[in-house]
Every structure is written in structure tokens, then in C-alpha cells.
Amino acid sequence: MLLWTMGKNRLLLYALLGIMAFGLFPKLEAQDALAVGKRDIIFLIDSSMSATIITAVREFIKRFINTVPIGPDQVQVGVAMFSTTPTSEINLNSYSSRESLISALARIKPEPSVEINIGAALDFVRTSMLRAESGSRIQEQVTQLVLLLTSKQSKDSVQQPAEALRQMGVLTLAAGSRAADEAELKQIAFDETLVFILKDFRMFLRNPGVMISSLSTLNGVAVTEGQTETGPSVDVTTVHTQSVVRDIVFLVDGSTYVGNNSQPVLDFITGVVNRLDVRPERVRIGLMQFAEGQKTEFYLNTHNTKQDVLSAIAQLSLMGGRALNTGAALQYALANHFQPSVGSRGRQGIQQVLVLITGGPSQDEVKRMADRVAIEGVLTFAVGAGQVEESLLKTVAFVENLAYYRINFTDLSSVVDEIMTPLTTVVGEIDIIISEIATPGPSGGERDVAFLIDGSDDVRGDFPYIRDFISKVIEPLDIGFNKVRVSVVQHSERPGPSFYLNTYQTKDEVLRAVNGLHLTGGRSLNTGAALTFMKNTILSPAYGGRSGENVTQFFIVLTGGRSRDSVIGPAVALKTDGVVSFGVGVKNADPKQIEAISHNPSFAFNVKEFSQLNTVQETLKNYVNLPDQELKVFLEKGNLTDVTNSKSLA
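Fair warning: this is a prediction, and the values are worked out from it, not measured in the lab.

1. Some points on the nonpolar core
Part 1 of the argument: Judged by nonpolar contacts, the single largest core of 68 residues is most densely connected at Phe 250, Phe 268, Ile 269, Ile 285, Val 355 and Ile 419.
Part 2 of the argument: Membership of the second largest hydrophobic core comes to 60 residues, among which are Leu 92, Leu 105, Ile 116 and Phe 201.

2. Quick notes on the pattern of salt bridges
Part 1 of the argument: Scanning all chains against the criterion turns up 21 salt bridges.
Part 2 of the argument: Salt-bridge contacts for Asp 448 lead to Arg 546; the nearest nitrogen and oxygen are separated by 2.8 Å. Residue Asp 448 is found in strand 18 (residues 447-454), and its partner Arg 546 is found in the loop between helix 16 (527-538) and strand 21 (552-559); the two are separated by 98 residues along the sequence. Arg 546 matches Asp 448 in its accessibility class, with the two residues each being buried.
Part 3 of the argument: With its nearest N and O atoms 3.2 Å apart, the salt bridge here joins Lys 472 to Asp 468.

3. A look at the packing of helix 8 (residues 262-274) against helix 9 (residues 306-314)
Part 1 of the argument: Remark: helix 8 packs on helix 9, axes separated minimally by 10 Å, with the N-to-C direction vectors making an angle of 175°. Our classification of the angle between helix 8 and helix 9 gives roughly antiparallel. Here helix 8 contributes Leu 266, Ile 269, Thr 270, Val 273 and Asn 274 to the contact with helix 9, which in turn contributes Lys 306, Val 309, Leu 310 and Ile 313.

4. So, the packing of helix 3 (residues 118-129) against helix 4 (residues 159-168)
For any two helices packed against each other, the geometry comes down to the angle between their axes and how far apart the axes lie.
Part 1 of the argument: For the pair helix 3 and helix 4, the least separation of the axes is 8 Å and the interaxial angle reads 25°. The angle between the axes of helix 3 and helix 4 places the two elements in the roughly parallel class. Two packed elements cross with a definite hand, and for helix 3 against helix 4 that hand is left-handed. Contact residues: Gly 119, Leu 122, Asp 123 and Arg 126 in helix 3; Pro 161, Ala 162, Ala 164, Leu 165 and Met 168 in helix 4.
Part 2 of the argument: Within the contact of helix 3 with helix 4, the residues separate by chemical class into 6 nonpolar, 1 polar and 2 charged.

5. Focus: the sheet that holds strand 13 (residues 294-298)
Part 1 of the argument: Ordered by their spatial adjacency, 6 strands build an open sheet running 13-12-11-14-15-16, and the pairing between neighbours is mixed. Every interior strand has two partners, whereas the edge strands, strand 13 and strand 16 (403-406), have only one. The sheet shows a mean angle of 20° between the axes of neighbouring strands, direction not considered.
Part 2 of the argument: Pairing of strand 15 (residues 378-385) with strand 16 involves 4 bridges; the strand directions are parallel. Looking across to strand 16, one finds that Val 383 is bridged to Tyr 404.

6. A look at the environment of Lys 592
Part 1 of the argument: Locating Lys 592 in the fold gives a position in helix 18 (residues 591-597).
Part 2 of the argument: Among the residues examined, Lys 592 registers a relative accessible area of 71% and is labelled exposed.

Each value, and the rule that gives it
Residues numbered from 1 in each chain as written. Predicted model: local features only at pLDDT ≥ 70, side-chain atom pairs only at ≥ 80, totals over all residues. Heavy atoms only, no water. Core = buried A, V, L, I, M, F, W, Y, C linked by side-chain atoms within 4.5 Å. Buried < 20%, exposed > 50% of the residue type's maximum accessible area, 1.4 Å probe, protein only. Salt bridge = Lys/Arg side-chain N within 4 Å of Asp/Glu carboxyl O. Helix = DSSP H or I, 4+ residues; strand = E, 2+ residues; numbered from the N terminus. Axes fitted to C-alpha atoms, helices over the stretch in contact; angles between N-to-C directions. Parallel < 35°, antiparallel > 145°, perpendicular 65-115°, else oblique. Contact = heavy atoms within 4.5 Å. Left-handed = near helix turned anticlockwise from the far one by under 90°. Nonpolar A, V, L, I, M, F, W, Y, C, P; charged D, E, K, R; others polar. Pairing = 2+ DSSP bridges.

The analysis is restricted to geometry; functional conclusions fall outside its scope.
As C-alpha cells, this is what we get:
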């Protein structure tokens, strides 16, 4: 693990050479399960860790389970806990469905202990859990993985138990925090590249991709050869890895700073692309150029073969222009190229990569947008020659080591060899508090508006009213990447995003998406769980939330029934985060739950029929569209009646 420090931003790069196939993994839903081969995975958890850390570990395992196909013929998951004595909480064959397995994770609980015995725990896994009667398919040559998670050094010896697992062909990964001994973890792991040292296991929740990738892509097969003339049988374990999977967008300076040097630039891009496995399921390529403005050449999903991509690159004609707005170009790339609608797979956990190639200085500010690109999970490389200053390249790059400068454009060919390894293996995590970034506050009219709507079967006949309600509330809003962002989530037993805050950039796109909504269905409502999902996922920076930039976040809940789970705790958590919540209850909704969800009682609405929502939408429309200064005043007063009166008198 490589640690880089740059200003206030502590940037962690995990260069897991040869095993990384995915980048930053967002919180994937079950329906987004990755294509993963058969494997048996046991999580071996140090139970002496604090309740907070155990909760984080439990949530990480849940997220992993939600990204892979679970079943007796697919991925099986087991869990063992240990301090001084190990116990099996979940055997590999205990549960055959994702839902039952996730429910069983509640068994993962802390057990305070001063000492731990990792050696005994490893032996327990080998002798008790990696057996056919416990569900192990090792005799069928199915990959066996064990992930150790610990915060302490072991009291007993780990060398022989670890070696015994290796001899079986088990791939052991070791993750440690706090007082864990790195040397000891290296003894335990199948290979030193499978050792992970973190200051806190909660980091897995911010960037689970590194670990999920390893668990999803490593394959080990133990092959036992028979007696030979020269000696006894030999156990051989072979580790196979998936090919590189990335989305790469080239951002090319099309100005006169490049001018007659366009061919070396094209040769550089061609040289990189020629070394990649370009196809829709592996590496996707996009291309845009910029000067004072920006121009898209092709998107990530425009071309499906390497030959088509290379042909399009060869036809690139520079747009011209005497000045460069590199900061605006970064923003354009983020808003227009790293989007699902044009082929980006960022939300599926695929690493997003931006390669800037430039030859001159920027006339606009670049640091703020470079930071924003990094926060959105895009790994930026900066390549330059000619009149561009190396300091600019280092500012744009994710870390300074991903900046490459040559005096002459003709020397860019030498960068190809240098850039290929980090381009295909490095993933980035930003371990920062977003408010620390030198980002100015909102300029005005910026807000995040998220809708959580009832998606159960009970509202099937009234769903057109729900669509109309959303459209009417957002219709007057100034929707845009740097203005108002909108998200819609349906929920019944579980929440399901229709689109995120950063999915669409224009009002027309959002309104089309709202008009195209279809009921997801479901028999009951778990609104409390949905509130938690909104807080942790929809309103978070990874999905376009801007609370860290002091942008007001509005949250509108519309439901026609009573929640089976409690809404109080999740609602308080949202309020604590400064989210301004409105509750709208219709028909069988519980008024007490609606009031608990809302920012205060005057922000709660109840009507008998969905056809009466027009009375509510006018009030909400007025409130969400208030100028910043008036909004601040009314939030301090906390009385929604004042808003309605103000608008009626205007």
C-alpha cells in the first residue's frame, strides 16, 4: 500500500499489481450483482473490536453480499468470530439466499477481550469450516478464500496454521487496523499483496472496492500431483486474475498550444489504446477536446471495438483556439462523459479514469475542479509538453506521481511505457473531510432535492398522481450540475433508486425520467430503512450530494401507507445532518410517522386522496424554490405557513 500526502488531502493509492480489476465500488443494489465465478468465502472476524467497528464490518459484508450472486452453485459465504476461542456463526451451507444470509449477519457482535488467538482461529476455519459437511466445495476445486479482519497482534503463533491453509490451496487475505502486526499479517496472507493495513475498518465503507475486487476476482485451484520417481506428491496453487476493466476518457488540448504537434499527441493516445483490451465488457474509451470551449468526439459507449476506436482517434481534427479553460474542461468531462447514459460504469464499481493531454497554461482556475473530479471517484492522469507548466499537471493529477511532463511533444511516446502500469492497476481513495477542500460556498440557487416515494402495490392505481406531484414540484427549479440536482427513489420492502442526484444534468432529462417512472411494486413499506438509504447513499457525495459544499438538501417523502419499521431514529439522523425533510402522507399513512419524518410539524402534510396532492405541491414548490436568504430566514423560523403567506403576498 502506497501512502501519498498532498496538502490537506491525504490520498491513498492501492497499487495491487496483478489483482485489481475494479475501482471504487459504490453501494450496489442486489440487482447490480457482478459476474463472479463460484467461490467459498469465509470472513474471520476479531470479535474483540469495538461495537462501532464490528458494525462497520457487518455493513461491509452486507455490501459484498449485495454485489455477488449468492447460492449453492454460485458464491457461498461463511462467518467465524474469535477472540481467545473461535466460533462458527454462519457455515458456508447455512443459507442459500441473499436475504436470509443478510438477516443472519445480525449474529456478528462484539465480545471484549484483551487477547486474541489468530492461530487457533485459522486452525478452526481449516478443520471445522472448510469441510464438505459445512458446505465447502474444495473437493470440487472451487476457489476457497478466507478474509481475516483483526485489530490486534495474536497471542499464539500463526505460522503453522497459515501454512496449513496454504497447503490446502486456500487463498487467505489479511486486513489489520490499530494494533495489528503487519509482519504477522504477511505471514498469514497467501501473498503479501493480499495484506491490507488500515487505520480504521470504517474505511472499507468509504471505499469497499479494493477488498471487494480481490474477493470477487481472485481464483485459486489446488492441484495435487501423484507420487513421482523423484519424490512425494506436490501441492501447487495457481492464482488467476481477471483482465483490466476500466472506463478511460482522453481529454485533449485542441488549441494552438498543440497546433502542429497533433500527430505526436495522436500517436500517444493510439499507443496507449493499442495496449488495452478494448471492448464493452472490459475497457471502454471516450475522447473529447477543449480550448476555450469543449467538444465531444465520442463517448464511452460510442465504439465497441478497438479498431473502431483507433479509426476515430486517427480522424481527430483539432478545434483550434488561442486560450485554454482547463478547469471548465474538467467539469465538462465529469458532467458529460462520466455518466451512465453515455456508457460510464462507475456505479457498477468500474474505475473511472481521465487522461488530460495539454500543451499550454489554463486561463481559469483548475484546482477546485481537479479536487471535485477526484472526489467523484475519477482517477486523473495529466500528460503535458511544450508551454504547459509541470506544476499545473501536478495540480490536475490525482497525485503528483500521475503527472508526466516532456519538453518536446515528440517525446510523448516515451510516456506510454511509463503510464501503462498505473493506468491499469492504480485505484484511488480520498481520505479527506470534504469541507477541508478549498471550495467556495454555493453561489446561490444551488440545492439538492431528493424524493422518496411509495413504490408498493397499494399505490398502483394512484401512481400517475405521484409522477405528476414530482413534476409539478421540480418544474420551476433551475436544474443543472451547478444548480439544482434532483433524485427519485421508490421504496416498499427495500429502497430502489430511479435516478441519483448526479444522473441527469438538465431539466428536460429529469422531467423525461420522472414521466417514464414505473411502479416497482411490493407488499409492504419499510420507510425507516429507506430513510437510512437516502442518508447514506442518495444524499452522499458519491452520488452527487453536496452537503459538504454547504448546499441545502431537501428531502421529500411521499407515502400512502404505514411503515412496518421505525422511522424515528433514521429521521433524527437526517435532521442531524442538516437535511430539510418534508413528509407527505396519503390514505393509510400514519400521521405520527409523517410528523416524525418531517423537519418540524409544520413541514408535515396529510391528505385523504392522491388526487388532492395539488394543494401540497404548490406549498413545496414555493419553499424549495426560495432565494437563499429567504430560505435561511424561514428555516430559522421553522414555520412553513410564513412561506405560503409570503408567496401569496408577492
